[in-house]
Amino acid sequence: MANLPIIHKTREDDVLECFLYPKFCYALNTDNITEAQLNEEIARYYQEIAPYTTDYIWHRDALVFRPRTKQAMMLERILDNSMVIEDYQTVAHIYATLHFDEDIGDEWFTVFLIYKLTKVFDGLVARLVDSDGEFLLIEAANALPLWANPETCQDRVFIHDGLLHIIREKGKSFVNLLNNINRIPQNSRVSDKVQSILNKRIDIYPEEICKRKHKARAFLPEKAASILRQEPGLIGPIIRTICHSDPFERKVCRAMRYFPPEQRTMVNVKMTKCLYALASHSRYTGDPRTGWNLPPATSSKYNAYVLGVKIACGLEMLVARANEERRKRAKNAAGIDNEGKSISNEHSLNAFLSRLEASGYFKDLLEGSQEREKLSVIAKDYFLKHLNLDDTLLHNDKTDAEKVLEAWENIQTNDVEMYAQDEGTLSPADSDSWLNIDPAQLEMLLNQQWGNSKDKKHEHEPLSLREKVQAFLNQNSDIDGVQFVEGQSADDNTRHDPDDNGRIEFDADVFDSTLRDILDLVVPGGEGEFEGSSEGSLGGDDEDKGGEMDKYMRLLDSQLQAELVKEEEHIDNKHTDIVETNLMESIQGESGGSGPTGNIIGGPIRRLMHLQLQSPTKVPPDLQS
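Residues numbered from 1 in each chain as written. Predicted model: local features only at pLDDT ≥ 70, side-chain atom pairs only at ≥ 80, totals over all residues. Heavy atoms only, no water.

### Some points on the overall build of the protein
Okay, step 1: Per the secondary structure count, the protein includes 25 helices and eight strands.
Okay, step 2: Contacts spanning at least 24 positions in sequence make up 76% of the contacts within the protein whose residues lie at least 6 apart.
Okay, step 3: For the protein, the exposed area adds up to about 37,600 Å²; of that, 51% sits on carbon and sulfur atoms. (Helix = DSSP H or I, 4+ residues; strand = E, 2+ residues; numbered from the N terminus. Contact = heavy atoms within 4.5 Å. Areas by Shrake-Rupley, 256 points an atom, 1.4 Å probe, with all protein chains shown as cover.)

So, in structure tokens, the structure goes:
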């Protein structure tokens, strides 16, 4: 695709990238789009999705939209030394990135939100891609047309008006492609079957938001309980921190300076089921020297005490990490004088401006001109902004630690006393029986997602081997060979997919049925020929020998044997007739006298045979009396 606005780089694992193109970004001159316009649009997006995201517990990152103008993206590429010629054609858009890690539910919740935004805002076109690439097509892979493959669909999948589109046009600019999606959507819209599969995946929202939550009991230090009461969304980074930590990072949990275990209270904690599963399967139960005083494992309160230890230790690690980073920044600021820092920044700025000049950013404008000065001011502002906010933008874990530290510093003693409550007044915790699943439940879940394979086998009567071969031979082959899918003719493929290039598809049921037909064939040969060897299974079991193919092969074998016997008898009779004729002619030629034939059969017999063959007038003189 020409002029793609996508940076082709290796994506991180478990990361979702969102590219939103409002109508004014491609309908107008994209060079004149400002951050202020994009920020106004972002505010409207937040207002639209607020009812769904207000109480939502994110696993790691929250969904944050950022404006991207063409100039800002160009400066970013140059600053990172990753400038590419095609990136000059980039269209201004709104960008969001989301780390969902272990909870793929965050990814599909974001898909739901983007679908909703494209329905509400006229002309909005969106792209969604993760570390697997075009994951929306992966979800609907079984319903895609034959021409849709990774090569033809890369960077060509869009969402518009709540529907999926795949661009097949080539050689057009990206702005024209976006306009075509908006003006003539029927040209790129995929089939209803693909749309229904994706709608089924996201239609579980917003009801799924409540279903994925879990309320658990936790025996927490009072300050920890106060923080979670004020900032319930911090439960995600807290549990992830303790579950992903190593023994070296857990050393700070021995002292528990910020969340001591002496004053604890029983509270209800809300989290997602994924976070609860992570915490439940973490084997860390705190340092025994700290004084957590856990009850016996058989006690009904044991799980609440252990969960409280894990949450408190996660908070302790985050606060200790934030304090350490704060001390490092203060030390670095004190060790570098302002004059030296200014010289270093000025040198970096000059190098940045030199790269801009070489890349054509200033458009060969004269020094001191108004336009050049305007571009120079934009570049310097961006550089200083990037320099000051680099750590904050690139390190999300430090942001979480800073949030926890700020919440800890804002806790007042009266806050803790105000929220202290009796355990008897708490609502009951949710059952965690969903953590354990038996084979029957697993089978049911798999059938809900993928359908019952047994039912699928009986949807259509399977073709016989003869019918399959006949259907295969009736198809026309192209350079890639013949594409045969049971239940789908070549005419159907041509009608629905005129540009089909013969993509290979694999159907497990068809493969299994065909393989069984092949293995049911009876191999010609003497009985017991394969006995005692692994190939003996090719003949099939005794109960399979009465099959239609078996009868046909036996009949063919018997007919062939009969023909061979007839041919052999015919050859023998013909050979006998030739010998007899030659013998008679030889005796006639010798006229009863001596010769090779007479020597073989003897004199008396020779004379007798000659007399029988010849008339009396032709009797040789030596035999006449």
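Continuing now.
### Brief notes about the confidence of the model for the protein
Detailed reading of the predicted coordinates is not advisable wherever pLDDT is low.
Okay, step 1: Of the residues in the protein, 65% reach a pLDDT of 70 or more, and the chain-wide mean stands at 77.
Okay, step 2: For residues 1-10, every residue scores under 50 in pLDDT, and the model assigns this stretch 25 contacts once sequence neighbours within four places are set aside.
Okay, step 3: Below pLDDT 50 for its whole length, residues 389-397 participates in five contacts with residues either more than four positions away or in separate chains. (pLDDT = per-residue confidence, 0-100.)

### Focus: the sheet that holds strand 1 (residues 15-21)
Okay, step 1: One open sheet accounts for six strands, arranged 2-3-1-4-5-6; its pairing is antiparallel. With one partner strand each, in any of the chains shown, strand 2 (66-68) and strand 6 (163-166) form the two edges of the open sheet. Neighbouring strand axes in the sheet, compared pairwise and without regard to direction, differ in orientation by 30° on average.
Okay, step 2: Two strands pair when backbone bridges link them, and strand 1 and strand 4 (residues 125-130) are joined in this way by six bridges, in the antiparallel orientation. Bridge pairing in strand 4 places Leu16 opposite Asp130.
Okay, step 3: The sheet strands contacting helix 2 (residues 35-53) are strand 1, strand 2 and strand 3 (93-99), and the helix crosses strand 2 at an angle near 145°.
Okay, step 4: The sheet strands contacting helix 4 (residues 105-120) are strand 1, strand 3, strand 4, strand 5 (157-160) and strand 6, and the helix crosses strand 4 at an angle near 170°. (Pairing = 2+ DSSP bridges. Axes fitted to C-alpha atoms, helices over the stretch in contact; angles between N-to-C directions.)

### A few points about the pattern of salt bridges
Okay, step 1: Applying the stated criterion across every chain, the model contains 16 salt bridges.
Okay, step 2: The salt bridge partner of Arg60 is Asp101, with a shortest N-O separation of 3.3 Å. Here Arg60 is found in the loop between helix 2 and strand 2, whereas its partner Asp101 is found in the loop between strand 3 and helix 4, with 41 residues between them in sequence.
Okay, step 3: Classification of Asp101 as buried rests on a relative accessible area of 16%.
Okay, step 4: Among the salt bridges present, the one from Arg289 reaches Asp287, with a minimum N-O distance of 3.1 Å.
Okay, step 5: On the accessibility criterion, Arg289 (64% relative accessible area) is exposed.
Okay, step 6: Three or more residues are tied together by salt bridges with common partners; here these are Arg60, Asp61, Asp101 and Arg240. (Salt bridge = Lys/Arg side-chain N within 4 Å of Asp/Glu carboxyl O. Buried < 20%, exposed > 50% of the residue type's maximum accessible area, 1.4 Å probe, protein only.)

### So, the state of the cysteines
Covalently bonding the sulfur atom of one cysteine to the sulfur atom of another cysteine gives a disulfide.
Okay, step 1: Here the structure, examined in full by the defined rule, presents zero disulfides.
Okay, step 2: Cysteine Cys253 shares no disulfide, and the gap to the nearest cysteine sulfur, in Cys313, comes to 4.0 Å. (Disulfide = S-S within 2.5 Å.)

### What to know about the packing of helix 4 against helix 8 (residues 192-202)
Okay, step 1: One way to put it is that helix 4 packs onto helix 8 with a least axis distance of 9 Å and a crossing angle of 115°. Looking at the two axes, helix 4 sits roughly perpendicular to helix 8. Viewed along their axes, helix 4 and helix 8 form a crossing whose handedness is left-handed. From helix 4, Trp108, Val111, Phe112 and Tyr115 reach across to helix 8, where they touch Leu198, Asn199, Arg201 and Ile202. (Parallel < 35°, antiparallel > 145°, perpendicular 65-115°, else oblique. Left-handed = near helix turned anticlockwise from the far one by under 90°.)

### Focus on the side chain of Thr110
Okay, step 1: Mapping Thr110 onto the fold places it in helix 4.
Okay, step 2: At a separation of 2.9 Å, a polar atom in the side chain of Thr110 contacts the main-chain carbonyl oxygen of Asp106.
Okay, step 3: Ignoring anything within four residues of it in the chain, the contact list for Thr110 reads Leu16, Cys18, Trp58, Leu63 and Leu98. (Polar contact = N/O pair within 3.5 Å; in protein donor to acceptor, adjacent residues only side chain to side chain.)

### Some words on a nonpolar patch on the surface
Okay, step 1: A cluster of nonpolar side chains, namely Ile437, Leu442, Met444, Leu445, Leu446 and Trp450, defines an oily patch on the protein surface of about 600 Å² accessible area.
Okay, step 2: Assignment of secondary structure puts Leu446 in helix 18 (residues 439-450). (Patch = residues over 30% accessible without salt bridge, like charges linked within 9 Å, V, L, I, M, F, W, Y side chains within 5 Å.)

### Topic: the packing of helix 11 (residues 235-243) against helix 12 (residues 273-281)
In helix packing, the relevant descriptors are the interaxial angle and the interaxial distance, both defined with respect to the helix axes.
Okay, step 1: Between helix 11 and helix 12, the shortest axis-to-axis distance is 10 Å and the interhelical angle comes to 30°. Between helix 11 and helix 12, the angle falls in the class roughly parallel. Both helix 11 and helix 12 take part in a crossing whose hand is left-handed. Contacts between helix 11 and helix 12 involve Ile235, Gly236, Ile239, Arg240 and Cys243 from the first element and Leu275, Leu278 and Ala279 from the second.
Okay, step 2: Here the residues of the contact of helix 11 with helix 12 are counted per class, giving six nonpolar, one polar and one charged. (Nonpolar A, V, L, I, M, F, W, Y, C, P; charged D, E, K, R; others polar.)

### With respect to the pairing of strand 1
Okay, step 1: The buried fraction of strand 1 amounts to seven of the seven residues, a majority that puts the element mostly inside the structure.
Okay, step 2: Two strands pair when backbone bridges link them, and strand 1 and strand 3 are joined in this way by six bridges, in the antiparallel orientation. The residue of strand 3 that forms the bridge with Phe19 is Tyr95.

### Overview of the pairing of strand 8 (residues 264-272)
Okay, step 1: Of all nine residues that make up strand 8, seven are buried, and the element is covered over most of its length.
Okay, step 2: Two elements, strand 7 (residues 213-221) and strand 8, share nine bridges in a ladder whose sense is antiparallel. Looking at strand 8, one finds that Lys215 is bridged to Lys270.

### What to know about a negative patch on the surface
Okay, step 1: A cluster of acidic side chains, namely Glu12, Asp13, Asp14, Glu102 and Asp132, defines a negative patch on the protein surface.
Okay, step 2: For Glu102, the location among the structural elements is in the loop between strand 3 and helix 4. (Lys, Arg positive; Asp, Glu negative; His and termini not counted. Charge placed at Lys NZ, Arg CZ, Asp CG, Glu CD.)

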